[in-house]
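Summary of structural features
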Amino acid sequence: MNIIARELRESPLLWLLVAVPAVFIVEHLAPGRHTALFVLAVLAIVPLAALLSKATESVAAKTGDAVGGLLNATLGNLTELVIALTALRAGMFDLVKASIAGAIMTNSLFMLGMALLLGGLKYRTQEFNRATARFQSGLLLLAAIALLVPSMIGSSNRPGADAFALDLSIGLSVLLLVAYVLGLLFSLGTHKAEFAGPAHGAADEEEHLWPVAIAGVLLVAVTVVVALVSEIFVESVQYAAIEFGMTPAFVGFIVVAIVGAAAEMMAAFRAARKNRLDMSIGIALGSSSQIALFVAPVLVLLSLFIAPAPMDLRFWPGAVVAVLISMFAVTFVTSNGRSAWYVGVLLLVIYATIAMTLYLMPPSTAG
Amino acid sequence: MNIIARELRESPLLWLLVAVPAVFIVEHLAPGRHTALFVLAVLAIVPLAALLSKATESVAAKTGDAVGGLLNATLGNLTELVIALTALRAGMFDLVKASIAGAIMTNSLFMLGMALLLGGLKYRTQEFNRATARFQSGLLLLAAIALLVPSMIGSSNRPGADAFALDLSIGLSVLLLVAYVLGLLFSLGTHKAEFAGPAHGAADEEEHLWPVAIAGVLLVAVTVVVALVSEIFVESVQYAAIEFGMTPAFVGFIVVAIVGAAAEMMAAFRAARKNRLDMSIGIALGSSSQIALFVAPVLVLLSLFIAPAPMDLRFWPGAVVAVLISMFAVTFVTSNGRSAWYVGVLLLVIYATIAMTLYLMPPSTAG
Amino acid sequence: MNIIARELRESPLLWLLVAVPAVFIVEHLAPGRHTALFVLAVLAIVPLAALLSKATESVAAKTGDAVGGLLNATLGNLTELVIALTALRAGMFDLVKASIAGAIMTNSLFMLGMALLLGGLKYRTQEFNRATARFQSGLLLLAAIALLVPSMIGSSNRPGADAFALDLSIGLSVLLLVAYVLGLLFSLGTHKAEFAGPAHGAADEEEHLWPVAIAGVLLVAVTVVVALVSEIFVESVQYAAIEFGMTPAFVGFIVVAIVGAAAEMMAAFRAARKNRLDMSIGIALGSSSQIALFVAPVLVLLSLFIAPAPMDLRFWPGAVVAVLISMFAVTFVTSNGRSAWYVGVLLLVIYATIAMTLYLMPPSTAG
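All values reported here derive from a predicted model rather than from experimental measurement.

Criteria and cut-off values
- Counting of residues starts from 1 at the beginning of each chain's written sequence and follows it residue by residue.
- For naming, the first written chain is A and the first written ligand is 1, with later ones following in the order written.
- It should be noted that, the model being predicted, local features are given only for residues of pLDDT at least 70 and side-chain atom pairs only at 80 or more, the latter also being counted only at that level, while totals for whole chains, interfaces and linings use all residues.
- Based on all heavy atoms of the structure, the side-chain values leave hydrogens and waters out of the count.
- Strands are runs of DSSP state E lasting at least two residues, helices are runs of H or I lasting at least four, and both sets are numbered from the N terminus onward.
- To sort residues, take the accessible area from a 1.4 Å probe on protein chains only and compare it with the maximum for the residue type: under 20% means buried, over 50% means exposed, and anything in between is partly exposed.
- Between two residues, a contact is recorded if the distance between any of their heavy atoms is within 4.5 Å.
- Buried area is calculated as the accessible area (1.4 Å probe) missing from two parts once they are joined, with the contributions of both summed.
- Any carboxyl oxygen of Asp or Glu that lies within 4 Å of a side-chain nitrogen of Lys or Arg is treated as forming a salt bridge with it.
- A residue's pLDDT is the confidence the predictor assigns to it, expressed on a 0 to 100 scale.
- Least squares is the method used to superpose the copies, on C-alpha atoms of residues holding a pLDDT of at least 70 in both.
- By definition here, a helix of n residues has an expected span of 1.5 Å times n minus one.
- Fitting axes to the seven residues that end at a residue and to the seven that start at it, the angle between those axes gives the bend at that residue.
- Using a grid of 1 Å spacing that covers the protein atoms alone, one calls a set of points a cavity when a 1.4 Å probe fits there but cannot get out, and a pocket when the set is open and has protein on both sides within 12 Å along at least five of seven lines; lining residues are those with an atom within 4 Å of a point.
- Grid points are joined across faces, edges and corners, and a volume is the space filled by probe spheres set on the points.
- Angular values range over 0 to 180 degrees, each being the angle between N-to-C directions of two axes fitted as lines to C-alpha atoms, with helices fitted over their stretch in contact.
- Just so you know how the angles are binned, under 35 degrees is roughly parallel, over 145 roughly antiparallel, 65 to 115 roughly perpendicular, and the rest oblique.
- The hand of a helix crossing depends on one turn: near helix anticlockwise from the far one by less than a right angle means left-handed, and clockwise means right-handed.
- Think of a polar contact as two N or O atoms within 3.5 Å of one another; within protein, one of them needs to be a possible hydrogen donor and the other a possible acceptor, and neighboring residues in sequence only count if both atoms come from side chains.
- Nonpolar cores were defined as sets of buried Ala, Val, Leu, Ile, Met, Phe, Trp, Tyr and Cys residues, with membership established by side-chain atoms within 4.5 Å.
- Each residue receives one of three labels: charged for Asp, Glu, Lys and Arg, nonpolar for Ala, Val, Leu, Ile, Met, Phe, Trp, Tyr, Cys and Pro, and polar for the others, Gly being one of them.
- The aromatic pairing rule takes the rings of Phe, Tyr and Trp, using the six-membered ring of Trp, and pairs them if the centres are within 6.5 Å, calling planes under 30 degrees apart stacked, those over 60 edge-to-face and the rest tilted.

Across its full length, chain A carries 14 helices and 2 strands. Taken across its 367 residues, chain A has 59% of its residues classed as buried. Nonlocal contacts in chain A, meaning residues at least 24 apart in sequence, comprise 87% of its contacts between residues at least 6 apart.

What follows is the structure, given as structure tokens:
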């Protein structure tokens, strides 16, 4: 109980855990209250994601660098993955794809932009390691390009296009996973020294980690709870969207992406306020790369088994543009090695522009 | 009269002011002579723009850094703004939009390319402050992206598209103006030191400024004259285009943009010949950013009141591509910190390619 | 005969020259064996291209820097040019255009990516001259943009579009050639010192060059043989494509491009294994720029005289995207000044993605 008390003191976010029982109670008593369920599910996912994050780090810290790095790298976006898997099983491919593109965009524009703004409001100018940042943004740029190539080159409405898109998506997914594994070999193996800095999602050094047994049990238990809450979230999200006047595109790109990455955002913002931009950039860009190189191909391959039909990787053209824009903006911003508050503002303005477009867009344009 | 004599000696361009009475006389005596009116209007706008520029600087220099910077920043593209307002009131939205996109492109490709070429022909290699140039090109890149997002993501031909485009354009304009004001706060306020160099459109230090009273009166008077000449220009430009075999797209993108920015071009070229590339880059990129962040949204918002119908920010796809190409080329060129004549040639080749495409394009493709 | 023995020892590739007589014999005896002819033609072109390369260098080395540089610059892609000319004369414009876009993409993604990977497997990190690499990638970026502008801006399906595209392509070709000549004036003339390093396709210093008389005779003779083999290659390639289940797009973009550049690839890979990345980058990027600025416009202008109809420069949209993607990836990778094996992997993944898309694409989408 000591741990719980300390955690609650350190991360006030955890008080939101009261939403977890609440969402199940409401689901049981009033299954039709979609809007209430949606709000409660969002409130519940945020602290659960924080727990998952912390549990992953605690386990990772105890298992040595290589295995730990691997754990962080594969479980770092566990919340996004669980939510997307739930939507995948329900056959909501438009939502899955929108949340993939949205996560890449939100993590790079919103998470990074807000971190630079919050950091910049406290420090006049902030420096960061240009070489690492360039490597990470390069990795992200190339990952995003590879993910989008089929949407950009292969789009066509002629007969045979569906089969082609599916074959291509499966081949591409294998290729992306190979690139991901090689990337782990590179960053955790042959060139570990260059990445010695803060690993993806790494805890602040002052933060207390949990005993590995507790962490391991929590990791499994919380994942199950997240999966259960995700089901309610995915079911209620489209109803709530209508209620709140949000387009499906906005829900997929913005709402799901922000909810899924809430825990990482907290970590990235905290690091920026401590003038540790290298960590903020690492979390934001690493998390985006992971979506493109790991989460997206895993979803495609799993769709062959758990979804009502196989899912391909054809993105709606607007999504392609939005992701590419994010990439170029981030690449540019991080190549400088220096930041000030207005740089964050500019990233946020681009994000706001895209969000506004999605919000106002007449329904059924995107998917 | 001393001032006038000195000005004429210093800026031989001002002799072109004789075109100002000429254009009004021809307009009165032979209102149908569109081609003559067009040529005279162009010849008249060039020296008027130079006067406006000088008057703005003279007032700015006397009013302290912050107010002066603000004046330069808002009135720096006054000529473009007045011409665009005239076209806006006439409901010629295609011309207005083409001149916005054209000004961004012309200022960054032609103005900068020619400055680098002219400077490079005199000096073997020219150095400039990479950090400032990177910041300015980043600002421009992000501003242009924000301006173009609706055209890139939201385009659709379905019902509701018009209302959507208009709502989005108004929301976006407010957002761009907020970004602009925050940018001024940044460059004139919190981070003034970093921008200590030559301000946008700043006069050479040797140049004589005018007494503030004369400058203030001239500022108002010349603006009125520019507005009157613009009316003749806008009326005659389409007739002249047909006469000279130019497509409407070419007129909007190239002719209007060059005429509107003639005064700034002179200043940028002069600075490059004095090996002061920082100033040339500042003028070219600053002026482009200002079009995207200030002139474009102001025109959208004013269209609600002074135009026959509201104007949205949907650009013709070719314009989107041309502006993005300009951005990437400029971003690349300015990230180097060094230039030689061939770099200017390359920018001019891209500009010439775009201009040639617009010139040869069958009419009614673009708007 | 001494020379021949030494050459065969130094370049085992030359044993493939036995394919040269073989291809002519099969063509004579069994003209319908398209697949066999295709394989033999590929095997024959590879060593012939190596000979051409070496002969060009040998002549260039004897004729002084300026003329030698010019020779290397114009004859460096002689194999590609001869293959493309053969296809042009046969009126196979889709193949010609695909091979232009494919060569730019293959040289920058595959040649460079493989060089970085091979070099990186031997050396932990490799350094290269950032300034030169940036200049070269900038040149390539701007050349590719200029080449693609008409496809990006001017596309339209309305009446008059064909005449417009042709006029534009001819004007653009003249412009590109002017830019190319000015570029030679820059790199071989006014700013020679900056390019003092390894010239495009330069031989290793240890390599033995040939006497100029032999080299000159070989240059002419081998070009004729390449032209003859190209004819068989171009004739058989489409049949072989069907036989091997390859789409026409895949053949044009990947097969022709790799065959045409085989000799340069060997040189680029060899240099990377000797930790001379500057040379690898110079070969890969120089060769790509040359395709865009020299080979492509020459083909357009020659099509007016030797092809059944004039060829324009409108590329299939997928080709435009693929080339632009290659440019951004390469620009990013080379702006760093440092490389490790995973950087090569990333370029190869993007290349594999594009190749896979082209391979799986339903026929008749691209051209």
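Moving on from the coordinates now.
Our focus in this paragraph is the interface of chain B and chain A. Counting residues at the interface gives 35 residues for chain B and 33 residues for chain A. Across the chain B to chain A interface the summed buried area is about 3,100 Å²; carbon plus sulfur atoms make up 76%. When the buried surface of chain B facing chain A is broken down by residue, B:Arg134, B:Leu142 and B:Ile153 rank first, second and third, together holding 22% of it. Where chain B touches chain A, the interface holds 0 salt bridges.

The next point concerns the confidence of the model for chain A. All names here are of chain A. In this model, chain A carries an average pLDDT of 81, and 89% of its residues clear a pLDDT of 70 or more. Least confident of the elements in chain A is helix α4 (residues 65-75), whose mean pLDDT is 66; most confident is helix α6 (residues 93-122), at 90. Note that residues 198-204 has pLDDT below 50 and, in this model, 21 contacts with residues that lie over four places away or in other chains. In the predicted assembly, ipTM is 0.82 and pTM is 0.84.

With an RMSD of 0.1 Å, the fit of chain A onto chain C corresponds to turning through 120° and sliding 0.0 Å along the axis. Expressed as a symmetry operation, the mapping of one chain copy onto the other fits a three-fold axis. When you check the interface residues of chain A against chain C, a mere 5% turn up at the interface there too, and the two sides of the contact use different surfaces.

Residues and elements named next belong to chain C. Compared with the 44 Å implied by 1.5 Å per residue over 30 residues, the 42 Å span of helix α6 (residues 93-122) between its first and last C-alpha is a close match. Roughly 35° is the biggest bend found in α6, and it falls at Thr106. Most of α6 sits inside the fold, with 25 of its 30 residues counted as buried.

Below, the discussion takes up empty space enclosed by the protein. Over the atoms rolls a probe the size of a water molecule, and in doing so it shows where empty space is left. Taken as a whole and assessed by the stated rule, the structure comprises 13 cavities of 30 Å³ or more. Looking at the largest cavity, its volume works out to about 370 Å³.

Residues and elements named next belong to chain A. Where helix α5 (residues 78-89) contacts helix α12 (residues 277-306), the axes come no closer than 10 Å and their chain directions differ by 30°. When the axis of α5 is compared with that of α12, the two are roughly parallel. Two packed elements cross with a definite hand, and for α5 against α12 that hand is right-handed. Residues Glu80, Leu81, Ala84, Leu85, Leu88 and Arg89 of α5 lie in contact with α12, whose contacting residues are Ile291, Val295, Val298, Leu299, Leu302, Ser303 and Ile306.

Turning our attention to the interface of chain A and chain C. With 38 residues of chain A at the contact, the number on the chain C side is 34 residues. Surface buried jointly by chain A and chain C totals about 3,100 Å² across both partners, of which 76% is contributed by carbon and sulfur atoms. Summed over the three residues of chain A that lose the most area to chain C, namely A:Arg134, A:Leu142 and A:Ile153, the buried surface amounts to 22% of that side. If you look at where chain A meets chain C, you find 0 salt bridges. For the pair chain A and chain C, the number of links is 2 residue pairs in polar contact (both at pLDDT 80 or more). Only α7 (130-153), α8 (161-190) and α13 (317-334) of chain A provide two or more residues apiece to the side of chain A that touches chain C. In terms of residue count, α7(A) provides more of the side of chain A that touches chain C than any other element does, 15 residues in total.

Further remarks concern the nonpolar core. Soluble globular proteins: nonpolar side chains tend toward being buried together. The biggest cluster of nonpolar side chains holds 422 residues, and the ones touching the most others in it are A:Phe233, B:Phe233 and C:Phe233. Apart from residues lying up to four places away in sequence, C:Phe233 is in contact with C:Phe38, C:Ala41, C:Val42, C:Ile45, C:Ile83 and C:Val256.

So, on to the pattern of salt bridges. All names here are of chain A. Scanning the model with the defined rule gives 6 salt bridges over all chains in all. Where Asp312 meets Arg314, a salt bridge forms, and the shortest distance between an N and an O atom there is 3.1 Å. What you see here is one network of salt bridges that share partners, running through Lys97, Asp312 and Arg314.

Further remarks concern the packing of α13(A) against helix α7 (residues 130-153) of chain B. It is at 11 Å that the axes of α13(A) and α7(B) come closest, and there the two elements cross at 175°. Viewed along their axes, α13(A) and α7(B) adopt a mutual orientation that is roughly antiparallel. In contact with A:Gly318, A:Val321, A:Ala322, A:Ile325, A:Ala329 and A:Phe332 of α13(A), α7(B) contributes B:Arg134, B:Ser137, B:Gly138, B:Leu141, B:Leu142, B:Ile145, B:Val149, B:Met152 and B:Ile153. Of the residues in the contact of α13(A) with α7(B), the class split is 11 nonpolar, 3 polar and 1 charged.

Residues and elements named next belong to chain A. Applying the stated criterion to the full structure yields 30 aromatic pairs over all chains. With centroids separated by 5.8 Å and ring planes inclined at 15°, the aromatic side chains of Phe38 and Phe233 adopt a geometry described as stacked. Of the two residues, Phe38 sits in helix α3 (residues 34-62) while Phe233 sits in helix α9 (residues 212-243), which places them 195 residues apart along the sequence. Residue classification places Phe233 among the buried positions, given a relative accessible area of 1%. Within the aromatic cluster, the residues linked to one another by ring pairs are Phe38, Phe233 and Phe244.

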